[in-house]
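Residue strings, one per chain:
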Amino acid sequence: MFTKEDLAQIASRGASAAIAEKQIERFRTGFPWMDIAAPATPGNGITVLSREEAEKAALYYEKAEVAGKAKFVPASGAASRMFKDLFAGLDAPNPKSTEFVSRISEFPFYTPELFDGKDEKGVLSATLLEDGLGYGSKPKGVLKFHKYADGEIRTALAEHLVEAQEYMRSADGTAKLVVTISPEHRELFEEALAEVRESYEKRYGVKYEVEFTYQDRATDTIAADSCNRPFRKDDGSLLFRPAGHGALIHNLNAVKEELVSIKNIDNVANMRLLPETAFWKKVLMGRALQLRDTIAGYLKELDAVCGPVSAAPVMPLIPGYNNTLGDPYATDTCQSLCNDIEEFLRNELNISIPCKGDCKARVMALREKLDRPVRVCGMVRNQGEPGGGPFVIREKDGSTSLQILESVQINMEDPAAVAALKSATHFNPVDLVCCLRNYKGEKFDLTEYVDADAGFISSKSFQGRELKALELPGLWNGSMSRWNTAFVEVPLETFNPVKTVLDLLRPAHREQID
């Protein structure tokens, strides 16, 4: 399949021919559809907290001990999709490009010197092209998102810094951020950070620790042509493409801290909404830590009652003899504990486990389900915004679990799957909290909890030629498939993404006007 030149090209990227061959095979076989049991809804997968319960969770976060915490912000790539309608307007005006131009003075990046006196095409060019702001090729993180009454203007990165000091500050006054970027944008991010770092540290009494990290080129996936053969450029070389945000599981795996908050770079709001945003982030972290501690308690009890896995004796089966005698798994105490664990898994995590054949198998199955990374995902009421949704699915082993699915993972020819999609009440705003250590305080290897079957194939083009692209299981989709997951409803006010430039005109991104 691959020539000597191909193998050298693959090796130069830090990848392997075996992985590339598996990816080509994926184009031929495709990915299985997710087996949906039901949409996750309030009372069936989504927890709706009372204000009192939310406050207790936030307080739990404030008092809990954690081995470090960090804010993880996916920020890779340019903001070209944010300006799609504006680029189209350079060729022919459209309603959105015309609205943008008519309201240019309302945007935080407006200056009279740059924009006044220009016609529609001139305003668009000054916004998008390099001889102006160059926003069409810059990453969202360094774009000016908000302007305040005192004249301060903040980028998306600056707003994340302000958020971090509000709810991710460690006991020593440090707030850590891990920001995933593209290598070519590093200088822009460094400049945006330097512009505000010193002033924010003085203003908020915080010390920022900011780490910029790249998506590894070795995680790029090979492209295929319409016949599922390796796609080749005009010079005969192979084409590799970034594999989507699922590749960032390796970046997340490199984070040393135990408690990690994840939020996309464009999901920030005017500072007047910060108190509510920070409160609910603390609620999610409190719920994650509550689950962490409950799970740790059960695993420690299993060790004490049944013995650690490695210490458990293997009991030989003797015909005509009561084989449960002396079996630590068959004691009433152990089985009663298993009953409690099954109830916890069912009620808190929507995990149901098929009946196992014997006591040991039951204990092993429960231990395996418990001893996993924990994530708590905020979910907002469905208001028609784009994004994946929360579902209860059936796993390959017959158990159920909570998962975030994208529409491409749902079989639209399956009436039951379509009905589940239409019945969904919430969607995923990418607002989640993770606990990355096990009950012994050891760091999980997150790559062991990925469902390789949860990726998908999309249609793209390269220099006018159609191709097939393979995306790895998404960071909060298949890459976290085997995590212990809980969904918690959060207010819509905490979700304020900027998907198009006109979103900056929404109330959440502007000063409140009396």
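Please read all numbers here as calculations on a predicted model, not as lab measurements.

## Points about the overall build of the protein
Okay, step 1: When helices and strands are tallied, the protein shows 14 helices and 19 strands.
Okay, step 2: Against the 2.2 N^0.38 benchmark of 24 Å for 514 residues, the protein shows a C-alpha radius of gyration of 25 Å, consistent with a compact globule.
Okay, step 3: Overall, the C-alpha framework of the protein stretches about 95 × 60 × 45 Å when taken along its three principal axes.
Okay, step 4: For the protein, buried positions account for 53% of its 514 residues.

## Points about the state of the cysteines
Okay, step 1: All told, the structure shown has 1 disulfide when counted by the stated rule.
Okay, step 2: Between Cys306 and Cys334 runs a disulfide, and the two sulfur atoms are separated by 2.2 Å. Looking down the S-S bond of the Cys306 and Cys334 bridge, the torsion is 105 degrees, so its handedness is right-handed. Taken together, the positions of Cys306 in helix α11 (residues 274-306) and Cys334 in helix α12 (residues 332-349) put the pair 28 residues apart, joining distant regions of the chain.
Okay, step 3: A residue is classified by how much of its surface remains accessible, and Cys334, at 0% relative accessible area, is buried.
Okay, step 4: Free cysteine Cys338: the closest other cysteine sulfur is in Cys334, separated by 4.4 Å.

## Considering unusual backbone geometry
Okay, step 1: We note that Asn228 has phi near 65 degrees; this positive angle belongs to a residue other than glycine.
Okay, step 2: Its place among the elements puts Asn228 in the loop between β9 (221-222) and β10 (240-241).
Okay, step 3: In this structure, Val430 is a non-glycine residue whose phi angle is positive, near 55 degrees.
Okay, step 4: For Val430, the position within the fold is in the loop between β15 (426-427) and β16 (431-435).

## A word on the nonpolar core
Okay, step 1: Formed by 97 residues in total, the largest nonpolar core has its most connected members in Phe100, Phe109, Val179 and Val501.
Okay, step 2: Tallying contributions element by element places α11 first for this core, with 16 residues.
Okay, step 3: Every residue in contact with Val501, bar those within four places of it in the chain, is listed here: Met82, Phe83, Leu86, Phe100, Phe107 and Phe109.
Okay, step 4: Among the nonpolar cores identified, the runner-up in size contains 28 residues, and Ile46, Phe72, Ile262 and Cys434 belong to it.

## Structural notes on the pairing of strand β4 (residues 69-74)
Okay, step 1: Counting buried residues along β4, 6 of its 6 residues qualify, which places the element largely inside the surrounding structure.
Okay, step 2: Residues Lys69, Lys71 and Val73 point to one face of β4 and Ala70, Phe72 and Pro74 to the other, with burial holding for every one of them.
Okay, step 3: Relative to strand β11 (residues 259-263), β4 runs parallel, the two being bridged by 4 bridges. Bridge pairing links Lys71 to Ser261 in β11.

## Considerations on the layout of surface pockets
Okay, step 1: In this structure, the second largest pocket spans a volume of roughly 610 Å³.
Okay, step 2: Looking at the second largest pocket, it is lined by 22 residues, and the ones nearest its centre are Ile19, Gln23, Ala452, Leu472 and Pro473.
Okay, step 3: Elements represented by at least two residues in the lining of the second largest pocket include exactly α2 (17-29), α10 (249-253) and β18 (465-471).
Okay, step 4: It is α2 that contributes the most residues to the lining of the second largest pocket, 4 residues altogether.
Okay, step 5: A per-class count over the lining of the second largest pocket returns 11 nonpolar, 8 polar and 3 charged.

## Description of the pattern of salt bridges
Side chains bearing opposite charge may pair, as long as their charged atoms lie close to each other.
Okay, step 1: Using the criterion set out here, one finds 40 salt bridges in the structure.
Okay, step 2: Between Glu55 and Arg51 there is a salt bridge whose closest N-O contact spans 3.7 Å. Taken together, the residues Glu55 and Arg51, both in helix α3 (residues 51-63) and 4 residues apart, mark about one turn of the helix.
Okay, step 3: On the basis of relative accessible area, Glu55 is assigned to the partly exposed category, the value being 42%.
Okay, step 4: Given the relative accessible area of 44%, Arg51 is considered partly exposed.
Okay, step 5: The closest approach of N and O atoms between Glu276 and Arg51, which form a salt bridge, is 3.9 Å. Taken as a pair, Glu276 in helix α11 and Arg51 in helix α3 lie far apart in primary sequence, 225 residues in all.
Okay, step 6: In this structure Glu276 comes out as partly exposed when scored by relative accessible area, which is 31%.
Okay, step 7: Each of Arg26, Lys396, Asp451 and Asp453 takes part in one network of salt bridges that share partners.

## Quick notes on the pairing of β11
Okay, step 1: Of all 5 residues in β11, 5 are buried; the element is thus mostly enclosed.
Okay, step 2: Where burial is concerned, the two faces of β11 agree: the one with Leu259, Ser261 and Lys263 and the one with Val260 and Ile262 are both buried.
Okay, step 3: Judged from the 5 bridges that link them, β11 and β16 form a sheet pairing that is antiparallel. Residue Leu259 lies in a different strand from β16, and its bridge partner there is Cys435.

Procedures and definitions
Residues numbered from 1 in each chain as written. Predicted model: local features only at pLDDT ≥ 70, side-chain atom pairs only at ≥ 80, totals over all residues. Heavy atoms only, no water. Helix = DSSP H or I, 4+ residues; strand = E, 2+ residues; numbered from the N terminus. Rg over C-alpha atoms; globule rule 2.2 N^0.38 Å. Buried < 20%, exposed > 50% of the residue type's maximum accessible area, 1.4 Å probe, protein only. Disulfide = S-S within 2.5 Å. Core = buried A, V, L, I, M, F, W, Y, C linked by side-chain atoms within 4.5 Å. Contact = heavy atoms within 4.5 Å. Pairing = 2+ DSSP bridges. 1 Å grid on protein atoms, 1.4 Å probe; cavity = no way out; pocket = protein on both sides within 12 Å on 5 of 7 lines; lining within 4 Å. Points joined across faces, edges and corners; volume = space filled by probe spheres on them. Nonpolar A, V, L, I, M, F, W, Y, C, P; charged D, E, K, R; others polar. Salt bridge = Lys/Arg side-chain N within 4 Å of Asp/Glu carboxyl O.

Purely geometric stuff here, so don't read any function into it on its own.
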